[in-house]
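Examination of the molecular architecture
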Amino acid sequence: MNDLDARAVPARPGALRRAAPALLGYAAVRALGLVVLALWSGARGKDAYTLLTARWDSLWYARVAESGYGHEVRLPGGDVHSDLAFFPLLPWLERLVAAVSPLSHADGGFVVSLLASLAAAWGIFAVADHVYGRRAGVCAVLLWAVLPVGIVQSMAYSESLFTALAAWSLYAVLTGRWVTAGVLAGLAGLTRPVGLAVVAAVWAAVVASFPRERARARGQVFARDRSSPARGRTSSARDRTSFARNRSAVPEDGARAGGRAGAPAIARRVQAPEGAPHPAGASGVRLRRVLGALLAPLGAAGYVLWVGHRTGDGPLGYLDVQAGWRNGFDGGYAFARFVADKFTSFPSALAGLGLLVGVGLVVWLYVVCVRQRQPLPLLVYAGVVTALALCASSYFGSKPRLLLPAFPLLLPLALALARLRTPRSAPVVGAVAAASAVYGAFWLNGSGPP
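All residue numbers refer to positions counted from 1 along the written sequence of the respective chain. In keeping with the predicted nature of the model, local features appear solely for residues at pLDDT of at least 70, side-chain atom pairs appear and are counted solely at 80 or more, and the whole-chain, interface and lining totals rest on all residues. Side-chain measures were taken over the full set of non-hydrogen atoms in the model, leaving aside hydrogen atoms and water.

1. Some details on the overall build of the protein chain
Worth spelling out the cut-off: Only DSSP runs of H or I with at least four residues qualify as helices, and only runs of E with at least two residues qualify as strands; both kinds are numbered from the N terminus onward. Exposure categories follow from relative accessible area, calculated using a 1.4 Å probe and restricted to protein chains: below 20% of the type maximum is buried, above 50% is exposed, and the middle band is partly exposed.
Along the protein chain, the regular secondary structure elements total 19 helices and two strands. Within the protein chain, the proportion of its 450 residues that are buried is 46%.

Structure (structure tokens):
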């Protein structure tokens, strides 16, 4: 399905300088969204900062940060909303900010979200740049910034923090930094239930790496056995020539081979073939892979087990907590019924049609990701995030927000945007950014993200 060959890749010098256009563009888009939100909220007599830090989930996170777990809300219908449904990493960071500064816990959530959103943008750039080149990386970050629900990236929610941890964990996998990938996956698992997607991506890469390693070793032994000294010299020279071609296949700026410097990065990067590993080094790499795989699930598993112990319901206690919020996984049955109900009357039928188009677009983008042979970890991660978002029985208005971390779905669009020259792509991004800012302001001043 793909040609992922994860291995240690030296960090490029000036990594921040390389990512600067993406980060500056992201900051500009988010600043536009906040300005429009402030103007819109002021015109309606509302406080924009309160909308960002003291509504919906933000209140639950701040309460956990201030008082710890144990708060419940019992609804007339019998449902019990427990704060145990909220994973602890964001409240821990909010408490840390409040402890070392004069800021409140809600202020700390806003600060963490702003910093985490920049880290997420950098991580998305790093992944896209590694796979497709710098120009595609910039486009991927801008597309993530201008999503219709992009305003959530600036709220005291956990989406930005989770996306940052997930993106950098995936980048660590792609570059063979297995222990780092496992640690970041563990932290992602302490942030949101969908941290399972990062764990699955790390495990998939680890499992897939062992057969490739054995096949490569067998191929190298077979080649040495068949080659005579003379043929070996000829083969060695040919391999060196091939290696040089592969290293120059994609220039540093992401242009195609033989293309003009600065051309859009629309070709997949070609990794240089890996030579036979030294025995000691190979065993060390295998050990790091296994260690990364063991570290990856510790965050999510630790919190889920702790909730089960606290509630007295055992390992499945967290599922009971989520059931109190009417959250669960039913394969998409409840969501399908919700969409079908929209077609019972004409005005709501338009909303139902929009939902079908949106789901179709998400599925189509994932199919394109597969056809473009994205690395296995990205496909697994995006697939699990998408499945959990679309097939959960949670509040249906949350689904666009739950899809926010599935940034690999944006890579096909980033490649298409990268094909355009800057004079053509800039107005497109600017128009979409303006529309996203207006929609975000309208959304938060209305029903908003649950």
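We are not done yet, so read on.
2. A look at the packing of helix α7 (residues 159–174) against helix α8 (residues 178–189)
Condition: Working convention: axes come from line fits to C-alpha atoms, limited for helices to the stretch in contact. Angles between N-to-C directions cover 0 to 180 degrees. Each angle gets one of four labels, with under 35 degrees taken as roughly parallel, over 145 as roughly antiparallel, 65 to 115 as roughly perpendicular, and the rest as oblique. Throughout, a crossing is termed right-handed when the near helix is turned clockwise from the far one, and left-handed when it is turned anticlockwise from it by less than a right angle. By the convention used here, residues are in contact when the closest approach between their heavy atoms is within 4.5 Å. Only Asp, Glu, Lys and Arg are considered charged, only Ala, Val, Leu, Ile, Met, Phe, Trp, Tyr, Cys and Pro nonpolar, and every remaining residue, Gly among them, polar.
Look at α7 against α8: their axes get within 8 Å of each other, and the N-to-C directions meet at 160°. Relative to α8, the element α7 is oriented roughly antiparallel. Handedness of the crossing formed by α7 with α8: left-handed. Between α7 and α8, the residues in contact are Phe162, Leu165, Trp168, Ser169, Ala172 and Val173 and Trp178, Thr180, Ala181, Leu184, Ala185, Leu187 and Ala188, respectively. Among the residues making up the contact of α7 with α8, the classes are represented as eleven nonpolar, two polar and no charged.

3. Digging into the side chain of His81
Inspection of the secondary structure assignment puts His81 in strand β2 (residues 80–82). Taking the relative accessible area as the measure of exposure, His81 reaches 17% and is therefore buried. Not counting residues within four places of it along the chain, the set of residues in contact with His81 comprises Trp60, His71, Glu72, Val73, Leu75, Gly324 and Trp325.

4. Comments concerning a nonpolar patch on the surface
Let me state the cut-off plainly: Surface patches are drawn from residues lacking salt bridges whose relative accessible area is over 30%; two like charges belong together within 9 Å, two nonpolar side chains (Val, Leu, Ile, Met, Phe, Trp, Tyr) within 5 Å. For the area figures, the Shrake-Rupley method with a 1.4 Å probe applies, and any residue is considered shielded solely by the protein chains shown. The rule for a salt bridge is simple: a side-chain nitrogen of Lys or Arg has to be within 4 Å of a carboxyl oxygen of Asp or Glu.
Taken together, the side chains of Phe343, Leu353, Leu356 and Val357 make up a nonpolar region of the molecular surface, amounting to roughly 380 Å² of accessible area. Mapped onto the secondary structure, Val357 falls in helix α15 (residues 346–371). When its relative accessible area of 54% is taken as the criterion, Val357 is described as exposed.

5. Overview of empty space enclosed by the protein
In plain terms, the rule: Cavities and pockets are defined on a 1 Å grid built over the protein atoms alone: a cavity is a set of grid points where a 1.4 Å probe fits but cannot escape, while a pocket is an open set with protein on both sides within 12 Å along at least five of seven lines, and lining residues are those with an atom within 4 Å of any such point. Grid points are joined across faces, edges and corners, and a volume is the space filled by probe spheres set on the points.
A complete count under the given rule lists one cavity of 30 Å³ or more for this structure. Put simply, the largest cavity is a space of about 40 Å³. What lines the largest cavity is Arg30, Gly33, Gly150, Ile151, Ser436, Ala437, Gly440 and Ala441. Those elements that provide at least two residues to the lining of the largest cavity are α1 (15–43) and α19 (422–444). Top element by residues in the lining of the largest cavity is α19. It accounts for four residues.

6. Comments concerning the nonpolar core
Where we set the bar: By nonpolar core is meant a set of buried Ala, Val, Leu, Ile, Met, Phe, Trp, Tyr and Cys residues that side-chain atoms within 4.5 Å join together.
With 109 residues, the main nonpolar core has Leu37, Trp144, Val152, Tyr303, Tyr381 and Phe407 as its most contacted residues. Among the elements that take part in this core, helix α5 (residues 105–132) stands out by supplying eleven residues, more than any other. With residues up to four places along the chain from it excluded, the contact list for Leu37 reads Ala48, Leu51, Leu52, Ile151, Ala441, Leu444 and Asn445.

7. Describing α8
Residue pairs three or four apart in sequence face the same way in an α-helix, which turns once every 3.6 residues. Our working rule: Working rule for helices: expected span equals 1.5 Å times residues minus one.
With twelve residues, α8 should cover 16 Å at 1.5 Å per step; its first-to-last C-alpha distance of 16 Å lies within 8% of that length. Along α8, the residues classified as buried are Trp178, Ala181, Gly182, Leu184, Ala185, Gly186, Ala188 and Gly189.

8. Description of the packing of α1 against helix α6 (residues 134–145)
Orientation of α1 relative to α6, taken along the N-to-C sense of each, is 20°, at an axis distance of 9 Å. Considered as vectors, α1 and α6 are oriented roughly parallel to each other. In this structure, α1 crosses over α6, and the sense of that crossing is right-handed. Two secondary-structure elements touch here, α1 through Arg17, Arg18, Pro21, Ala22, Gly25, Tyr26, Val29 and Arg30 and α6 through Arg134, Val138, Val141, Leu142, Trp144 and Ala145. Considering only residue class, the contact of α1 with α6 consists of nine nonpolar, one polar and four charged.

9. Here we look at the pattern of salt bridges
All chains considered together, the criterion is met by six salt bridges. Here Asp129 ties to Arg18 by a salt bridge, and the two come within 2.7 Å at their closest N and O atoms. In this pair, Asp129 is assigned in helix α5 and Arg18 in helix α1, connecting sequence segments 111 residues apart. Across the pair Arg74 and Glu72 runs a salt bridge whose closest N-O atoms are separated by 3.4 Å. Through salt bridges with shared partners, one network takes in Asp57, Glu159, Arg192 and Arg401.

10. Concerning unusual backbone geometry
Although it is not a glycine, Trp56 adopts a positive phi angle of roughly 55°. Its place among the elements puts Trp56 in the loop between α2 (48–53) and α3 (57–67). The exposure class assigned to Trp56 is partly exposed, which follows from its relative accessible area of 23%. One non-glycine residue, Arg326, adopts positive backbone phi at about 65°.

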